[in-house]
Amino acid sequence: MRLGIDIGGTKTDAVAVDESGALAHRIRLATGFGSPAVVETALTAVSRIGELTGIDAPGFSSIGIGIPGLVDTASGEVAHAVNLGVDRLPLGGELAERLGVRVWVENDVKAAALGAYDVLGLAGTMAYLNLGTGMAAGIVVDGRLWRGTSGIAGEIGHIPIDPLGAECACGQRGCLETVASGSGIARQWRTDDPLPARSLFAAAAAGDGEAQAIKDRLAEGIAAAVRVLVLAVDVDTVVIGGGLSHLGDPLLGDVHEVLEDWERASPFLASLALPQRVRLVPPGSPVAALGAAIVGGTHG
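Residues numbered from 1 in each chain as written. Predicted model: local features only at pLDDT ≥ 70, side-chain atom pairs only at ≥ 80, totals over all residues. Heavy atoms only, no water.

An unreviewed UniProt entry lists the chain under the name Putative NBD/HSP70 family sugar kinase, from Leifsonia aquatica. Taken directly from UniProt, the Sequence similarities (unreviewed entry) text for the chain runs: "Belongs to the ROK (NagC/XylR) family." (UniProt positions renumbered as here; feature names shortened; annotations may be inferred.)

Shown next as structure tokens:
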């Protein structure tokens, strides 16, 4: 039995996976804020899954964790996980000391990429395009993560597309993330709805012109990300996941429409069959936690 934990900005997802790779147990709990609270959240997840399975921490064949921020996979140290209130945290080491077993730590988007690849039964190359507060991608080649020289492969949210666009948190201007992400929507569409994207799509459907324009920019930004991933890496499949993927088929339809418009204008793009490469992550599937279990399984 393998254990995978996805530590998110507000919620933590934990799963137990049996030897066949099937999901055996799943729990969700609130994520604590700050380094000590994040460690306690992970320990609570291990304990809760242990109660369900009847297995203590050393009894799992592996334990893997996905978490936002810059992750040193060799040491298990996490840096700059801003939404968790973590500047620098030796998460793998602290958990190993408390649990008495090695814990493998991976960036959450990269873990989710492995989970999506496995859940969808894919082969060859895939890019997992995570549309959450920000935008990032995880690239999988023949079942293994492709990290690049310094580990930032897939950080396409910080590719500038509009020199006159909004300033990005990274210090550049007009990055993809400024229009095609949860934070990009929240900046442009002011609403009391806790899910601004939901409010945006409802307003656009009701005929609000401003909402429609923002919704169009969102689709164009996601389509641009798909185009970048295919032109740069020529992946077989682009899987859209993250919080915005919950918009489902309406979002996918908008992205397909943009890609099809581009195909009509460009025989070159038409030859790449971009719309046929794009799909959504299965709704409700805990791909990030499942991917964390895979991360641990590759080492455990």
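The rest of the description comes next.
(A) Fine view of the packing of aromatic side chains. Tallied over the full model, the rule gives 0 aromatic pairs. Across the ring face of Trp-262, the terminal group of Arg-227 is positioned such that the distance to the ring centre comes to 4.0 Å. (Phe/Tyr/Trp six-rings, centres within 6.5 Å; stacked < 30°, edge-to-face > 60°. Lys NZ or Arg CZ within 6 Å of the ring centre and 35° of its normal.)

(B) Looking closely at the sheet that holds strand β7 (residues 86–89). The strand order across the open sheet built from 3 strands is β5-β6-β7, with neighbouring strands paired in antiparallel fashion. Across the chains shown, the open sheet's two edge strands, defined by having one partner strand only, are β5 (70–72) and β7. Adjacent strand axes in the sheet meet at a mean angle of 10°, parallel and antiparallel pairs treated alike. Where strand β6 (residues 77–81) meets β7, 3 bridges bridge the pair, whose relative direction is antiparallel. The partner of Ala-79 across the bridge, within β7, is Arg-88. (Pairing = 2+ DSSP bridges. Helix = DSSP H or I, 4+ residues; strand = E, 2+ residues; numbered from the N terminus. Axes fitted to C-alpha atoms, helices over the stretch in contact; angles between N-to-C directions.)

(C) How the structure looks around the pattern of salt bridges. In total, this model carries 10 salt bridges according to the counting rule given. Residue Glu-77 pairs with Arg-88 through a salt bridge whose shortest N-O separation is 2.9 Å. Linking Glu-77 in strand β6 with Arg-88 in strand β7, this pair joins segments that are 11 residues apart in sequence. Accessibility expressed as a relative area gives 27% for Glu-77, which makes it partly exposed. Owing to a relative accessible area of 49%, Arg-88 belongs among the partly exposed residues under this scheme. For the salt bridge of Arg-264 with Asp-261, the shortest nitrogen-to-oxygen distance reads 2.2 Å. (Salt bridge = Lys/Arg side-chain N within 4 Å of Asp/Glu carboxyl O. Buried < 20%, exposed > 50% of the residue type's maximum accessible area, 1.4 Å probe, protein only.)

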